[in-house]
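Now for the letters of each chain:
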Amino acid sequence: MSDHPSTYEPKTGVEKWLDQRLPIVRLAYDSFVDYPTPRNLNYWWTFGGILSVCLMIQIITGIILVMHYVPHVDMAFNSVERIMRDVNYGWLIRYVHANGASMFFFAVFVHMFRGLYYGSYKAPREVLWILGCIIFFLMIATAFMGYVLPWGQMSFHGAVVITNLIGAIPVIGGPILTWLQGGFAVDQPTLNRFFSLHYLLPFVIAGVVILHIWALHVTGQNNPAGVEIKSKEDTVPFTPYATVKDGLGIILFLMLFSVFVFFMPNALGHADNYIPANPLVTPAHIVPEWYMLPFYAILRAVPDKFLGVVAMFGAIAVIFVLPWLDTSKVRSMRYRPVMRWFFVIFVVVCLGLGWCGGQLPDDMVFSIGTSASGTPIGLNYVWLTRGLTLYYFAFFLIIMPWIGLKEDPLPVPASISEAILADHAKKKG
Amino acid sequence: MSAFMTKTLKALGLAAVAATLAVSAPAMASGGAAHPHAPKEGFSFEGPFGTFDQGQLQRGYKVFREVCSNCHSATLLSFRNLGQKGGPFYDEKYKNPNDNPYVKQIASEFEVPDIDTDTGDAITRPASTSDHFPKKFANEYAARASNGGALPPDLSVITKARHGGARYIYSLLTGFKNPPKGLHVAEGQHYNPYMAGALATQWSGDPHHVPVGGVLAMAPPLKDDLVTYDDGTKATTHQMAADVAAFLEWAGDPHATLRKKTGVAVLIYLLLFAGLTYAAYRKVWHGKH
Amino acid sequence: MSEPEKDHGTVVGEDPNRRDFIYIAAGAAAVGAVGVIAAPLVSQMNPAADTLAMASAEFDLGKVSEGMQVVIKWRGKPLFVRYRTPKEIKEAEDVKLSELKDPQADADRVKKGKEQYLILVGSCTHLGCVPTFGAGDFGGWFCPCHGSHYDTSGRIRKGPAPLNLAVPEYEYLSDTKVKIG
């Protein structure tokens, strides 16, 4: 998996025998033991390892849940509650799986923002970045279909709204919608196929993760300095240096995870999803899970149905082409004094979009009085969302290319070891 | 500047974490209902170390049985649940709740539908401990027909299905009020500030001050001394509301106590594990930073 | 196969055009096979025969009292049956068509002589949520999902929905009985 010369030396006869036939131990050794890792990786880099743990947790708990879950409109809700009540440790498995989705997204967002800040998408890591974007997209699809399975009120009406997004496509949208739902409304066929796909997609994700790691090992890891590895002085072997650091990150992450699972297992969910699905009544305040709120806000910001859908998918699509939107010669924003401020604003905007996605569009953010007819004057959420959406797209499509050309970057260190020495000097001085 | 920026970014990272978590437990309160509150004495099961008070669960079951269950079902609950560890009628002598004579007694008070295997006729028989609590009405239409068109919700997971959980149940049961002047409440409806709803269309007063809350078909179900508690506790409306809210909280999440206990153990373990790993990390990276 | 064919491309006397044709034809056959196999695999997701056998519903309008609506389930979707008050009918009829996003007269959405009964598919034309009765700025319905406001004729007045609430096909069997679908 990597282009550095293999240092694996089979010791026993069995190892030699296997190495000549299937060098799998060599592959693992070169990828996860002797792999040269930049010395200056910070804790933001541990989220890659955290994410692989998240994926494993979701797959294992998911397979167990399937042993007890019944994908039928009349039985799905009760079968989930049976898991919670009667299946041995069922409450634990199900709460881990449900909260695990949130933890997974939390970690992936950190991982993506880290990549954005340190320019990890820039040449030669474009394919690595795009594979990551594909994983993100598959995660959204998987999480959405998984959320439908308990067949509560939010499950059902969430499925209605999201499948209807497809119906917004002119001309062919209607037939595709019917094809997707397997009927003229969300019903048993929809639940059954979502269940099938929800089981399949995590394994597809695992496959793309392998490609992602492969691509990572071809180009080597980026690092906070954003300069490539120049000599052996710049690196440490993956084991024990990266393993122990990743391990610490993973344990701290699991502590956060545990707080949710054991002490506030329903805090990230919605009360309405404990009401069995009722096609005749939509909950008064329907919102997706928190990790979809920014995209949901963008959907609502656009007054036109089809263009809203286009904007929402565009918000994800634009991340794919990011490597070609950034014109800067410098990779890490550590050395980009102007761009880093736009990055800070971007993070705040994303959080803001998430916040707006959870509010009613016509509610007021603040009001400065009321008009003669009694309607409040001020800023409502839909207009705030529009402003934030504008920045979201401008960040990628205007600021990235433009600042990259105009900005005067700080001097970039010649190598990773030099960057570390400079850090030391600064700390002492 | 750079050090300042690094600090800003670190702070921002932490703020992002905090904000994500804050947003995720959202202030997505439903409609314009009043914020539900716990009884003055609090709920014993709240907080990371809270546990259920068995006496309260028993009283709560009595309120549920004699008042709520006249209209509401709780079909996800089995009779045996009442006698399982942590349940209202758990008895150490009977580890298997199906052997618990008190639970057997409770079950036998209910009739459940069955088929006579000799004739094939539909019959009813006294419930056994393994049966679920029976449905109150045969179907939704029957339930609506008996309740003025309204459907009494199943109470099995009601505390998980409402914002505020047990606090909501307590507040709703004790919160019935005469509607404010200017609010039109239809025949068979009752105003309650804790009920989720939108009252703008029924409000003829100042449009800027639409009353909070909503209307529901359930009349105030509790009044003082409606039930007689076996343990001699005075059955005030507040007492009964708190007791039944606790019972429903348990019914909705019967493993909550075990969950929290496990959580404490898991967190202590992870803390020690983190400490050891940090020590290993220091040793491994010594001189490499 | 015969011996000379093992020697790739050097068979004496074979026409190269003919060889290319064979390759292209074989390739086309493979593509065709994939397409034919894919067709049933894709098509199975379309509504099954039992799903397509949609029932029509009969409804007794006497169950709706004035100013109220009844929601029934029809083909997996909610159906609104609303008994409008004279004030609501007047509001619906008085709207200028030029003000509407999806212009349609109220008279075209009800049966003549039965203007009080409005029968609609209760599925928001934006993304399919079920609008709330009696709410919103126009006294008709309000969709809680993305804030679409409908008037007392079920026409879209404000918000992201592009079209009016759909009127299903229905006919009066008697004075108070309708058959929908």
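Residues numbered from 1 in each chain as written. Chains lettered and ligands numbered in written order. Predicted model: local features only at pLDDT ≥ 70, side-chain atom pairs only at ≥ 80, totals over all residues. Heavy atoms only, no water.

Student: Explain the overall build of chain C to me, and be specific about the residues and the numbers.
Tutor: When helices and strands are tallied, chain C shows three helices and 10 strands. For chain C, the N- to C-terminal ordering of α and β elements is α-α-β-β-β-α-β-β-β-β-β-β-β. Each of the three principal axes of chain C carries a C-alpha extent, and together these read 95 × 35 × 30 Å. Going through the 181 residues of chain C one by one, you find that 36% of them count as buried. Contacts spanning at least 24 positions in sequence make up 51% of the contacts within chain C whose residues lie at least 6 apart. Accessible area for chain C stands at about 10100 Å²; split by element, carbon and sulfur atoms hold 58% of it. (Helix = DSSP H or I, 4+ residues; strand = E, 2+ residues; numbered from the N terminus. Buried < 20%, exposed > 50% of the residue type's maximum accessible area, 1.4 Å probe, protein only. Contact = heavy atoms within 4.5 Å. Areas by Shrake-Rupley, 256 points an atom, 1.4 Å probe, with all protein chains shown as cover.)

Student: Account for the interface of chain A and chain B, with residues named and values stated.
Tutor: Residue-level contacts link 60 residues of chain A with 56 residues of chain B. In total, chain A and chain B occlude about 5100 Å² of area from one another, counting both sides; carbon and sulfur atoms represent 74% of this. Considering only the side of chain A, the residues that lose the most area to chain B are Arg85, Trp91 and Phe263 of chain A, jointly responsible for 14% of the buried surface there. Here chain A is connected to chain B by two salt bridges. (Buried area = accessible area lost by both parts, 1.4 Å probe. Salt bridge = Lys/Arg side-chain N within 4 Å of Asp/Glu carboxyl O.)

Student: Can you break down the nonpolar core residue by residue, with the values?
Tutor: Residue and element names in this part refer to chain A. Phe105, Leu116, Phe253, Tyr392 and Phe396 are the most contacted members of the largest nonpolar core, which totals 134 residues. By residue number, the principal contributor to this core is helix α5 (residues 90-117), which donates 16 residues. In this structure, Phe396 is in contact with Leu116, Val318, Leu322, Leu325, Phe346 and Pro401, ignoring residues within four places of it in sequence. (Core = buried A, V, L, I, M, F, W, Y, C linked by side-chain atoms within 4.5 Å.)

Student: Residue-level account of the sheet that holds strand β7 (residues 149-151) of chain C, with values.
Tutor: Read across the open sheet, the four strands follow the order β5-β6-β7-β8 (chain C); overall the sheet is antiparallel. Edge positions in the sheet fall to β5 (132-133) and β8 (156-158) of chain C, since each of these pairs with one other strand and no more. (Pairing = 2+ DSSP bridges.)

Student: Could you give me a rundown of the interface of chain A and chain C, with the residues and numbers involved?
Tutor: The interface is formed by 27 residues belonging to chain A together with 28 residues belonging to chain C. Taking both partners together, chain A and chain C bury about 2300 Å²; carbon and sulfur atoms supply 65% of that area. Counting the surface chain A buries against chain C, the share from its top three residues, Trp179, Phe184 and Leu280 of chain A, is 29%. Summed over the shared surface of chain A and chain C, the number is zero salt bridges. Going through the elements one at a time, α7 (153-167), α8 (173-181) and α11 (293-301) of chain A are the ones with two or more residues in the side of chain A that touches chain C. No other element matches α7 of chain A, which puts five residues into the side of chain A that touches chain C. Of the residues belonging to the side of chain A that touches chain C, the class tally is 17 nonpolar, six polar and four charged. (Nonpolar A, V, L, I, M, F, W, Y, C, P; charged D, E, K, R; others polar.)

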